[in-house]
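Understanding the architecture of this molecule
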Amino acid sequence: FMMSWGGNFAGFNTFLFNYLPMYNKFRAPGMIIVIPTLLLGMMAVMSLQKILFGMENREELYNKLKKGFAITGGIFVLLLVIYFSLDYRAESDANLLQQIQQIPDPQTKAAFETGAKSLINGLIEDRQHLFMMDLLRSLFFIAAAAGALYLYHRKVLKPGLVMVGIGLLSFIDVMAIDVKYLNSDNYLDAEESEATFNPTPADLAILKDTSYYRVFNIAGGNIPMAFNHGAMPSYFHNSIGGYHPAKLSIYQDLIEKQIYNFPKSMPVVNMLNTKYIIVGDPKNPEVQLNPDALGPAWFVKQINFVKSPQEEMAALDNFDPKNVAIANQSFSNVLKPVAAPDSAATIKMVSNQNDIITYNSNSATDQVAVFSEVYYDKGWNAYIDGKQVPYAKVNYVLRGANVPAGNHTIEFRFEPHSYALGWTLTTICSILLVLMLLAALFFEFKRNRVIMNGVD
């Protein structure tokens, strides 16, 4: 629970963020709340099992139930004290009134003040009413479950009926909340949904091109907006923009250091295979063809090695991506310089199946290829004619590899070790779980047979 508070309990969570392994990988600290939710449910099931099947002594059971009822009753008394002691005012209420006090015209201020006080009073009543309704609702379900357990203690109800009854109460309790957040009003007809994604004339014009390319939408002229809120182009096209809450840091660097400087960053735009640029009025955009887009892959004539990531980024300010690749010195053992450039050499993408990208190359001499895909060595592996080969990070974000002379098939496959290991462990655990369940059923059946034979 304390971990879920995040910055609201900064001293504790900052320490965990810095020293607890993997904690800094969380998208949001509140995600940790799924663990106590799971554990509380498990504890409730185990407690019910103990009450119904693990306590033969009825007097002991009755004493424990009394303690449980007393503690629960004490919690409700505490909640009632809180209910009557709160003023149900929020900080936003005071802020609203403060803003109204700054209105210079007395009549306008008086009118707004009257309306604001009426609104705040209504909010206070609603907050108080919601609190009481939740208390009564919780009291009803707890009292119903307690009543079922008491009737079991009095031998009025059998264990099976108690389980069904409490299970039904739990289902009603959960579903009554769930349908408030997800109900028929949350679903759209197909026509309504599709209307949200109506393509513009610019989109329709671009979609006539069936080759592999990317699009940069800067309609409206606000380039940062293309990355913060410009998600719509990605519905129709492969886009170099669009929003994502967890971009790879090297691509975010490229956005901030290069693409934000558009049109000065055209070399970078070209190496990202940006064939079309959408400009003009967002409601009626226009399309500009970029004839210098370099395509999915190409051969370069020269490799320039630099000593640091900063130098690598700076080198992108003014370079010729068609002929030159920039690489960190650490990749000098992976990329070998081009001894004899072949102007007739060709490399083209054959297919892109998301996790497998295939290219075909043909050259008279050994070449260096640049692939317009983001470098990510935590899962992407390169193969030439089925044999795994090393590849390098070039131009700060892209992939580069040596390609031998001749005709070859080049593949990039996404094969993260973590996924393979996770899938293997999940499969093994699932098999063990099924075997344990079957074993439990077998021994229970065998135990019942022994008991029945003993009775006979």
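Above this text is the structure in question.
Residues numbered from 1 in each chain as written. Predicted model: local features only at pLDDT ≥ 70, side-chain atom pairs only at ≥ 80, totals over all residues. Heavy atoms only, no water.

Closest axis-to-axis distance for the helix H5 (residues 106-153)/helix H6 (residues 159-181) pair is 9 Å, and the angle between their directions is 175°. As far as their axial angle goes, H6 and H5 are roughly antiparallel. Of the residues in H6, those in contact with Arg137, Phe141, Ala144, Ala145, Ala148, Leu149 and Tyr152 of H5 are Pro159, Val162, Ile166, Leu169, Ile172, Asp173, Ala176 and Ile177. Along the lines of polarity and charge, the residues of the contact of H5 with H6 split into 13 nonpolar, no polar and two charged. (Axes fitted to C-alpha atoms, helices over the stretch in contact; angles between N-to-C directions. Helix = DSSP H or I, 4+ residues; strand = E, 2+ residues; numbered from the N terminus. Parallel < 35°, antiparallel > 145°, perpendicular 65-115°, else oblique. Contact = heavy atoms within 4.5 Å. Nonpolar A, V, L, I, M, F, W, Y, C, P; charged D, E, K, R; others polar.)

This paragraph deals with the nonpolar core. Counting residues in each nonpolar core, the largest one holds 60 residues, and the members touching the most others are Phe216, Leu254, Ile259 and Met271. The contact partners of methionine 271, leaving out residues within four places of it in the chain, are Leu254, Leu294, Trp298, Leu316, Phe319, Pro321, Ser372, Asn395, Val397 and Leu398. Core analysis: the second largest hydrophobic core is formed by twelve residues, Leu48, Met55, Leu65 and Ala148 among them. (Core = buried A, V, L, I, M, F, W, Y, C linked by side-chain atoms within 4.5 Å. Buried < 20%, exposed > 50% of the residue type's maximum accessible area, 1.4 Å probe, protein only.)

Moving on, we come to the sheet that holds strand E3 (residues 284-289). Taken in spatial order, the three strands line up as E1-E2-E3 in an open sheet, and their pairing is mixed. The sheet is open, and its two edges are formed by strand E1 (214-217) and E3, each paired on a single side. In this sheet, neighbouring strand axes are inclined to one another by 25° on average, regardless of whether the strands run parallel or antiparallel. Bridge analysis of E1 against strand E2 (residues 274-281) gives four bridges, and the strand direction is parallel. Bridge pairing links phenylalanine 216 to isoleucine 277 in E2. (Pairing = 2+ DSSP bridges.)

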